[in-house]
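Structural features, examined
Each chain, letter by letter, is given below.
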Amino acid sequence: MKKKKTNLLIYLALFSGLIVMALPFYWMIITAFKPPWEAIQYPPTWIPHEIDLTNIVKVWGENFDRYYLNSVVVACSVTVFVLFTSSLAGFIFAKYDFAGKELLFLLVLSTMMIPFQVIMISLFMIMMWLHWIDKLRAMIVPGMASAFGIFLMRQFISTIPNDLLDAARIDGCSDFGIYYRLIIPNIKPVLSALAIFTFMWSWNDFLWPLVITNSIKSRTLTVGLAMYTLKWWTQYNLVMAGSLLVIGPVIIVFLILQKKFVTGITLSGMKF
Amino acid sequence: MNSKKTSKSKKKPLIVYALIPILGCLFFFGIFPIFFSFYLSFYKWSLLRIPEFVGLRNYTKALHDPVFWVSLKNTFYFTGLSISIGIVIALLLALLIHHSPRFKSLFRTGYFLPVVTSMVAVSVVWKFLYQPDFGLFNSILSALGLPPQKWLISPTLAMPSIVVMSVWQGLGYNMILFMAGLLDIPEVLYEVADLDGANTWNKFKNITVPLLKPTFLFIVVISSIGSFQVFTQSYIMTRGGPEDSTRVIVQYIQHKAFDTLLMGYGSAMAFILFAIIISITMIELKFLRTRWKY
């Protein structure tokens, strides 16, 4: 009987908490569909009296289609590259010996300890020198290799038994063949986790795209939303519609792939 | 460890050379810029003119710059407040969900959802919620008969407002880590404690807390490193105001380097920030490690 009462209290606490957590999202969604006059009504309406679908269309028309394209291109490219470079480098570090291996790996790890702000100014200079300012490649190329990814992959690939690799070698499989046929299929869960992490991180990245882009041409969604908000702040219904456009896809993807997200975090967190 | 290595061949396998482009990219964009930044910090360099060597002047300039110190203070304030509140709530949630017989997935998903969303969008939405005239929060306060607040326009409330939003966004992440840590604690320990007649508080204090220490340490270190780099919230919601109360160090660096084009100065400040982060991390590791008893 006491157990039942405790459980009820737990549910009560957690469900109320959930409502508090969801409130900002709810507010964003309903405001995004309110007509301009209702968005600035005080006291605000909890259920819209009128649904206005044109807010999203208006925001989309203000270059959000371009911002979407840029974000998708950058995030997808970075994710694909990171998956490839991390698994390959992780494989090499895990299963091959060569001079200076320990030192190199230490160097790889050390790049993870550096806060981005320390390198962002000189990175900007490098981009200037390469004439890559305001180009998508400035956001893709620096992110192609990920120390975190290499670390994660190495940890996992080292658990693959060497006998498997030796057997494949005896059968005449080349190193790259082993990588492609043996390693990749065996690390699919970690690959998914890394993919989700990387994609989400790249999609939500703000400071670097802010610094390196200065026109609609290469602007990503995060910077686009920031600029849009600056310009149209008082049109709350439009601004909320813009936020919805930025958050919406990520939430949908997350809800579909939740299990993998959570696995990814616990994997990366507990492997230290 | 050696038993896991493949047999060494006389010549280096071709595949190892694949490391060259991969690590080359990583080091060129990840290590080289540090040295370049360090070099830059001794120069006065706006993009248009020839760089001018100024020695340590950027560093002394920073140490005498009142806004620099205010930014540091605000950053520490943000970090301290958000970590302490955030970790307590995350642990509480983790414990509740851990002991909840049903709906675990639902709760986990629900509390974690804000973590995947862009801080830019979150800042925009919460800026609207905090809006003094039309915002949700003041309307709730009024409905409860309480006076409306200035939130982001008030020098005293602005930073705490940003902290609340940041905690909201980030607690799901720490919650998941705590949940993983809780799962690692063997059930057997609790059962034995029950047999010995321990009550809930005792079990928590003597089993849960000590065994969660590694998780706790990890969370504190990772959270503080991240919190010191706070930027987006300050940039979007208040741009450092009102009266510099939300000016955080990264926002000041970004402003000085890219708005006023004092790149050398920005680099110097970034290095000071770097030194601070390293020191805090080492202090945390030392301090929390020594209290680790099984």
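Here the structure is a predicted model, which is why all the values come from computation and not from measurement.

What counts as what
- Residues numbered from 1 in each chain as written.
- Chains lettered and ligands numbered in written order.
- Predicted model: local features only at pLDDT ≥ 70, side-chain atom pairs only at ≥ 80, totals over all residues.
- Heavy atoms only, no water.
- Contact = heavy atoms within 4.5 Å.
- Buried area = accessible area lost by both parts, 1.4 Å probe.
- Salt bridge = Lys/Arg side-chain N within 4 Å of Asp/Glu carboxyl O.
- Axes fitted to C-alpha atoms, helices over the stretch in contact; angles between N-to-C directions.
- Helix = DSSP H or I, 4+ residues; strand = E, 2+ residues; numbered from the N terminus.
- Parallel < 35°, antiparallel > 145°, perpendicular 65-115°, else oblique.
- Left-handed = near helix turned anticlockwise from the far one by under 90°.
- Nonpolar A, V, L, I, M, F, W, Y, C, P; charged D, E, K, R; others polar.
- Buried < 20%, exposed > 50% of the residue type's maximum accessible area, 1.4 Å probe, protein only.

Facing the 93 residues of chain B at the interface are 99 residues of chain A. At the boundary of chain B with chain A, total buried surface from both sides reaches about 8600 Å², with 81% on carbon and sulfur atoms. Of all residues in chain B, the largest losses of buried area upon contact with chain A belong to Ile15(B), Phe29(B) and Phe128(B), amounting jointly to 9% of the total for that side. Applying the counting criterion to the chain B and chain A interface returns 0 salt bridges.

Once that is clear, we can look at the packing of helix α4 (residues 66-98) of chain B against helix α5 (residues 104-116) of chain B. All names here are of chain B. Here α4 crosses α5 at 160°, and the two axes come no closer than 10 Å. Considering the angle they form, α4 stands roughly antiparallel to α5. Crossing angle aside, the handedness with which α4 passes α5 is left-handed. Contact residues: Leu 93, Ile 97 and His 98 in α4; Lys 104, Phe 107, Arg 108 and Tyr 111 in α5. Of the residues assigned to the contact of α4 with α5, the class counts are 4 nonpolar, 1 polar and 2 charged.

That bond from Tyr42(A) to Pro43(A) is cis: its omega, 0°, falls within 30 degrees of zero. Here Pro43(A) shows up in the loop between α2 (36-39) and α3 (54-95). Each neighbour pair has its own omega, and for Gly241(B) with Pro242(B) the value is -15°, a cis peptide bond. Structurally, Pro242(B) is set in the loop between α11 (232-238) and α12 (249-259). Backbone geometry places His131(A), a non-glycine residue, at a positive phi of 60°. Here His131(A) lies in the loop between α5 (116-129) and α6 (137-140). Taking the relative accessible area as the measure of exposure, His131(A) reaches 61% and is therefore exposed. Positioned with a positive phi, Asp134(A) is a non-glycine residue whose angle comes to about 60°.

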